[in-house]
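Per-entry structural report
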Amino acid sequence: MLDELDKGAWELRERGDGAAVHKLCVENGRELIRLKHRGMACSSVVVEDKPDEITVQYTCRGRGYGRTHIRRETNRLVQIDSQGIVNGLPFSLVEEGRRVGACRN
């Protein structure tokens, strides 16, 4: 399912009061699994894989771990729920991801 998501510029909007918006150039939908551990070497296990949703648990040795659930509404719109530990501190993300155009170099 993640391989079917559209490549390009994505906007990730946090849920709740004072919601922050992050922009991200996505080359592969799998990048949405480890938003707090981007660029780190991690091992992962697929916990649940359905046609429109996936849950992945991952571990980044010495840097933390996480569990991410992604639900696809369309190939341009996803709901992301991720929680875990990064550099010794807990995190919890609930975001909506939306493709907003092409990546800018």
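Refer to the structure presented above.
Each value, and the rule that gives it
- Counting restarts for each chain: residues are numbered from 1 in the order of the written sequence.
- In keeping with the model being predicted, local features are shown solely for residues with a pLDDT of at least 70 and side-chain atom pairs are shown and tallied solely at 80 or more, while totals for entire chains, interfaces and linings include all residues.
- Processing note: side-chain calculations cover all non-hydrogen atoms of the structure and skip hydrogens and water entirely.
- A pair of cysteine sulfur atoms is labelled a disulfide when the two atoms are within 2.5 Å.
- Here a strand is any run of E in DSSP of at least two residues, a helix any run of H or I of at least four, and the numbering for each starts at the N terminus.
- Note: two strands are recorded as paired if DSSP finds a minimum of 2 bridges between them.
- The convention used is that axes are lines fitted to C-alpha atoms, helices contributing only their stretch in contact, and that angles between N-to-C directions extend from 0 to 180 degrees.
- Think of it in three bands: with a 1.4 Å probe and only protein chains considered, a residue is buried below 20% of the maximum accessible area for its type, exposed above 50%, and partly exposed in between.

Moving on to the state of the cysteines. In this structure the tally under the stated criterion is two disulfides. A sulfur-sulfur distance of 1.9 Å marks the disulfide that ties Cys 25 to Cys 103. Between Cys 25 and Cys 103 the sulfur-sulfur dihedral comes to about 110°; the bridge is accordingly right-handed. With Cys 25 in strand β2 (residues 21–26) and Cys 103 in the segment after β7 (89–101), this residue pair connects regions lying 78 residues apart in the sequence. Here Cys 42 is linked by a disulfide to Cys 60, with a sulfur-sulfur distance of 1.9 Å.

Read from one edge to the other, the open sheet built from seven strands follows the order β2-β1-β7-β6-β5-β4-β3, with strand pairing classed as antiparallel. Edge strands, defined here as strands with exactly one partner in the open sheet, are β2 and β3 (43–50). Between one strand and the next, the sheet's axes are offset by a mean angle of 25°, whatever the strand orientation. Direction of pairing for strand β6 (residues 77–86) relative to β7: antiparallel, over a ladder of ten bridges. Paired with Ser 82 across the two strands is Leu 93, which belongs to β7.

When strand β1 (residues 8–14) meets β2, the two strands line up antiparallel, connected through six bridges. Bridge pairing links Gly 8 to Val 26 in β2. Counting the residues that bridge the hairpin from β1 to β2 gives six residues, and of these Gly 16 lies at a positive phi of roughly 105°.

Moving on to unusual backbone geometry. With a phi angle near 50°, Asn 87 is a residue other than glycine that sits in the positive phi range. As for its placement among the helices and strands, Asn 87 is situated in the loop between β6 and β7.

By the secondary structure assignment, Arg 61 is in the loop between β4 (53–60) and β5 (64–74). Here Arg 61 falls in the exposed class, since its relative accessible area comes to 78%. In this structure, the C-alpha to C-alpha distance between Arg 61 and Gln 79, residues 18 residues apart in sequence, is 27 Å.

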